[in-house]
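# Reading the structure
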Amino acid sequence: MIRVILPQHLRTLAHVGGEVTVEVEEPVTQRSVLDALEARYPMLRGAIREHDTLQRRAFLRFFACEEDLSHQSPDAPLPEAVVSGKEPFIVIGAIAGG
Amino acid sequence: MSGVRVLVGTHKGAFVLNSDGKRKNWTVSGPFFAGWEIYHMKGSPVDPDRIYVSQTSGWFGQLIQRSDDGGKTWHQPGLPNEAIPAPGPPPALPNRFAYDSSPETGKPLTTHQWYDGTQHPWEFKRVWHIEPSLTEADTVYAGVEDAALFRSTDGGENWQELSGLRGHGTGPKWQPGAGGMGLHTIILDPTDPKRIYVAISAAGAFRTNDGGATWKPINRGLYSQYIPDPRAEIGHCVHHVAMNPSRPNVLFMQKHWDVMRSDDAGDNWKEISGNLPTDFGFVIDVHAHEPETIYVVPIKSDSEHFVPDGKLRVFRSRSGGNEWEALTKGLPQSNCYVNVLRDAMAVDALDKCGVYFGTSGGQVYASADAGDSWNPIVRDLPAVLSVEVQTL
């Protein structure tokens, strides 16, 4: 079970509060986690990744285990702590303040 | 006629304002979609409880929302609101606006002119304007940035580009205005379902007579000093166009500078700025029952986007242009420096005609007497991007 933390606006869209969890078969990657997330919450399609290219939207970033994974390959394995459910996969707005 | 519903899109959410036919006492609902930019929301003339919304964000992209109960509840068309979908093919894609690149119709261009004159790829950014069909509640048009026209025939679940517009040979010469290259005006002819007018910043106005298959630029008579050939076929920064449904051949235009009029469905335009204090502005609208009565809100200039002299004045012409009177009763006449954006004025169909507009300062003003006097419905919303009115 993969834990995912979404920014507030996407939680509102998906009608969820706090963390969500998704079942993902191995290998667990950004792509497989986001595929599972969008399958369960189709209202998030296009809001995290572009509709057709499935590229990460420019103003979003992906964090896990205190690392910025935004520029890693979407098919790279996620850290073991994410796979085991110890740590969440975090989707976060790229601009934190201002 | 029992009342009016005013739909207000703002920089940080949507609001629905309701009143009875007297238009004195108002209830305010919202914010809906708090924190998101609501470029436009508009109700179906066929089913007033059906309201479409363009919800957009630089972070999360474009969403389409729909209400089927007059704005009480909302959902993304075709998607489950809370339940997890059944396994199988993906449901609707209400938020996907993909430019047509098919070989058959896909003359559609891949580039347009950038600010510096170079060519730039077409990139979808957001929906600026939503125009529900006059005859089918499930049919709705969307004008988008970068400029293109889309249509849905299933209530907003799926969208297809009417690519004949972008496929018009002038496409590589279209260029963005300061606010982007948006298709911001869509006017449906009530007497001819195949005739549609659109306007694009900064390409100009276009008309189709065949339901969107082919388009003709309709900019003859426009004069724009900021393009190399001021009388060019395209490249004009048309800010808004308005039509009274009883006279679909007569169009009124607020251009970047100049207020214009056409009496032949856009084939020819003449200037009607007359005695306006400035002919720069964004909004223009027509009285519901008097097709020669039009309204504009002059703005000081293209670099000073606020009303001149610190006075918020709507100007009304009862002669189809050229002779204008300032309407000031109830509007601030000192220290006011707001703007009124292109989609932020609307009229109701009551008698007397109601006129409504919203400002960059978050005020929504209403007049229940065709502009003679004004009252704020609300004073402190986020900056208003659009105002539409439903007469119920």
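Our focus in this paragraph is the overall build of chain B. A count of helices and strands for chain B gives zero helices and 29 strands. With 392 residues in all, chain B has 51% of them scored as buried.

What follows deals with the overall build of chain A. Helix and strand counts for chain A stand at three helices and five strands. Ordered by position in the sequence, the α and β elements of chain A form the string β-α-β-α-β-β-α-β. In terms of C-alpha radius of gyration, chain A reaches 12 Å, essentially the compact-globule figure of 13 Å for 98 residues. In terms of its C-alpha atoms, chain A occupies a principal-axis envelope of roughly 30 × 30 × 25 Å. Burial status across chain A gives 29% buried among its 98 residues. Taking all contacts inside chain A whose residues are at least 6 apart in sequence as the whole, residues at least 24 apart take part in 55%.

Bringing the interface of chain B and chain A into the picture now. Facing the 18 residues of chain B at the interface are 15 residues of chain A. For the side of chain B that touches chain A, a count of residues per class yields nine nonpolar, seven polar and two charged.

Right, let's talk about the confidence of the model for chain B for a bit. Low pLDDT means the predicted atomic positions in that stretch should not be read closely. Averaged over chain B, the pLDDT score is 94; the fraction of residues at 70 or greater is 96%. Across the predicted assembly, pTM comes out at 0.95 and ipTM at 0.92.

Bringing the nonpolar core into the picture now. Within the largest apolar cluster, 108 residues are counted, with the highest numbers of intra-cluster contacts made by Val 6, Val 8, Val 198, Val 241, Tyr 356, Val 364 and Val 387 of chain B. In this structure, Val 241 of chain B is in contact with Thr 185, Ile 187, Tyr 197, Ala 199, Ala 205, Leu 251, Phe 252 and Met 253 of chain B, ignoring residues within four places of it in sequence.

Our next topic: the sheet that holds strand β28 (residues 375-378) of chain B. Residues and elements named next belong to chain B. Read across the sheet, four strands follow the order β25-β26-β27-β28 without closing on themselves; strand pairing throughout is antiparallel. Taken across any chain shown, the strands that pair with only one partner, and hence form the sheet edges, are β25 (345-347) and β28. Going across the sheet, the axis of each strand differs from the next one's by a mean of 25°, ignoring polarity. Looking at chain direction, β25 and strand β26 (residues 355-358) are connected through three bridges and run antiparallel. Looking at the pairing, Met 345 lines up with Phe 357 of β26.

This next bit is on helix α2 (residues 30-40) of chain A. Residues three or four positions apart in an α-helix share a direction because the helix packs 3.6 residues into each turn. Residues and elements named next belong to chain A. Along α2, the residues that are buried comprise Gln 30, Val 33, Leu 34 and Leu 37. The buried residues of α2 all sit within an arc of 95° when viewed along its axis, so they share a single face. Buried residues in α2 make contact with β1 (2-5), β2 (19-22), β3 (60-64) and β5 (89-93).

This brings us to the pairing of strand β27 (residues 364-367) of chain B. Residue and element names in this part refer to chain B. Here β27 shows no split at all, with Val 364 and Ala 366 on one side and Tyr 365 and Ser 367 on the other all buried. Connecting the antiparallel pair β26 and β27 is a turn made up of five residues, with Gly 362 showing a positive phi of about 90°. Relative to β28, β27 is paired through three bridges, and the arrangement is antiparallel. Looking at the pairing, Val 364 lines up with Val 378 of β28.

Residue and element names in this part refer to chain A. The mixed open sheet is built from five strands, whose spatial order is β2-β1-β5-β3-β4. In the strand order of this sheet, the two ends are held by β2 and β4 (67-68), each with one partner. As paired elements, β3 and β4 share two bridges and run antiparallel to each other. Paired with Ala 64 across the bridge in β4 is Glu 67. In this fold α2 packs onto β1, β2, β3 and β5, with an angle of close to 105° to the strand it touches most, β2.

So, about the environment of Cys 353 of chain B. Residue and element names in this part refer to chain B. Looking at the element boundaries, Cys 353 is found in the loop between β25 and β26. Owing to 20 C-beta atoms within 10 Å, Cys 353 belongs among the buried residues under this scheme. In this structure, the C-alpha to C-alpha distance between Cys 353 and Tyr 337, residues 16 residues apart in sequence, is 27 Å. Beyond its immediate sequence surroundings of up to four residues, Cys 353 is in contact with His 287, Ala 288, His 289, Val 347, Asp 348 and Ala 370.

Residues and elements named next belong to chain B. In this structure, the amide linkage connecting Gly 30 to the following residue, Pro 31, adopts the cis form with an omega of 0°. Looking at where Pro 31 falls in the secondary structure, it is placed in strand β3 (residues 26-32). A cis amide bond links Glu 145 with the next residue in sequence, Asp 146, at an omega value of -5°. One can find Asp 146 in the loop between β10 (140-145) and β11 (148-152). Its identity as a non-glycine residue notwithstanding, Ala 265 has a phi of 60°, on the positive side. Judged by local crowding, Ala 265 falls into the partly exposed class, with 19 C-beta atoms found within 10 Å. Within the chain, Asn 322 stands out as a residue other than glycine whose phi angle is a positive 75°. With respect to the helices and strands, the residue Asn 322 is situated in the loop between β23 (314-317) and β24 (325-327). C-beta crowding within 10 Å serves as the criterion here: with 15 such atoms nearby, Asn 322 is assigned to the partly exposed category.

Attention now goes to the environment of Val 127 of chain B. Residues and elements named next belong to chain B. Here Val 127 shows up in strand β9 (residues 126-132). Residue classification places Val 127 among the buried residues on the basis of 26 C-beta atoms within 10 Å. A C-alpha to C-alpha distance of 4.3 Å links Val 127 and Val 144, two positions 17 residues apart in sequence. When sequence neighbours within four positions are dropped, the list of residues in contact with Val 127 reads Tyr 39, Ser 54, Thr 56, Gln 62, Ala 142 and Val 144.

Each value, and the rule that gives it
Residues numbered from 1 in each chain as written. Chains lettered and ligands numbered in written order. Predicted model: local features only at pLDDT ≥ 70, side-chain atom pairs only at ≥ 80, totals over all residues. Helix = DSSP H or I, 4+ residues; strand = E, 2+ residues; numbered from the N terminus. Buried ≥ 20, exposed ≤ 12 C-beta atoms within 10 Å, placed from the backbone. Rg over C-alpha atoms; globule rule 2.2 N^0.38 Å. Contact = placed C-beta atoms within 7 Å. Nonpolar A, V, L, I, M, F, W, Y, C, P; charged D, E, K, R; others polar. pLDDT = per-residue confidence, 0-100. Core = buried A, V, L, I, M, F, W, Y, C linked by C-beta atoms within 7 Å. Pairing = 2+ DSSP bridges. Axes fitted to C-alpha atoms, helices over the stretch in contact; angles between N-to-C directions. Arc of directions from axis to C-beta.

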